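One-letter residues, chain by chain:
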Amino acid sequence: MRHIAVAGLQMKVHPGSDNTDSAIHQVREMVKRFPWIELVLLSELAVSGMNRADARPLPGHSEDQFAKLAKELKIWLIPGSMYESVGDKVYNTATVLNPDGEVVGRYRKM
């Protein structure tokens, strides 16, 4: 069995704002301080906040930025969940990114 280092990042969320840049900065700082980390998880709705009106299609800008970050830092990254719009439906979706910056999964909460 292989062990991996996992870090959870709890951050202040500014409602009604895109928190992508702040999250990226904090993930970079965490990995710089703890370079052995292999997987970083952010909290639910950390990037987009809790307003369903801010739902966006996936893939999208934030997911693309996090994919670049995962590749840059060579880490697995789950940037919390975000509201995903699909037609007239909204899902609370978590994206999983591998160290090559590829989306390897998306989980829509029930």
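Provided above is the structure to which this section pertains.
Structural notes, computed from the coordinates.

1. Comments concerning helix α2 (residues 61-73)
And then number 1: In this model, α2 (13 residues) spans 19 Å end to end at C-alpha, consistent with the 18 Å of a helix rising 1.5 Å per residue.
And then number 2: All of the buried residues in α2 are Ser62, Glu63, Phe66, Ala67, Leu69, Ala70 and Leu73. All buried residues of α2 project into a common sector of 165° when viewed along the axis, lining one side. Of the exposed residues in α2, those oriented more than 90 degrees away from the buried face are His61 and Lys68.
And then number 3: In this fold, the buried residues of α2 make contact with α1 (20-33), β3 (76-78), β4 (81-86), β5 (89-97) and β6 (103-108).

2. Structural notes on the packing of aromatic side chains
And then number 1: The full count for this structure, using the stated rule, is one aromatic pair.
And then number 2: With centroids separated by 5.6 Å and ring planes inclined at 70°, the aromatic side chains of Phe34 and Trp36 adopt a geometry described as edge-to-face.
And then number 3: We classify Phe34 as partly exposed; its relative accessible area is 30%.
And then number 4: Judged by relative accessible area, Trp36 falls into the exposed class, the value being 55%.
And then number 5: A cation over an aromatic ring shows up here: Arg52 above the ring of Tyr83, its NZ or CZ 5.8 Å from the ring centre.
And then number 6: One cation-aromatic arrangement involves Arg108 over Tyr91; the distance from NZ or CZ to the ring centre is 4.1 Å.

About the thresholds
Residues numbered from 1 in each chain as written. Predicted model: local features only at pLDDT ≥ 70, side-chain atom pairs only at ≥ 80, totals over all residues. Heavy atoms only, no water. Helix = DSSP H or I, 4+ residues; strand = E, 2+ residues; numbered from the N terminus. Expected span 1.5 Å × (residues − 1). Buried < 20%, exposed > 50% of the residue type's maximum accessible area, 1.4 Å probe, protein only. Arc of directions from axis to C-beta. Contact = heavy atoms within 4.5 Å. Phe/Tyr/Trp six-rings, centres within 6.5 Å; stacked < 30°, edge-to-face > 60°. Lys NZ or Arg CZ within 6 Å of the ring centre and 35° of its normal.

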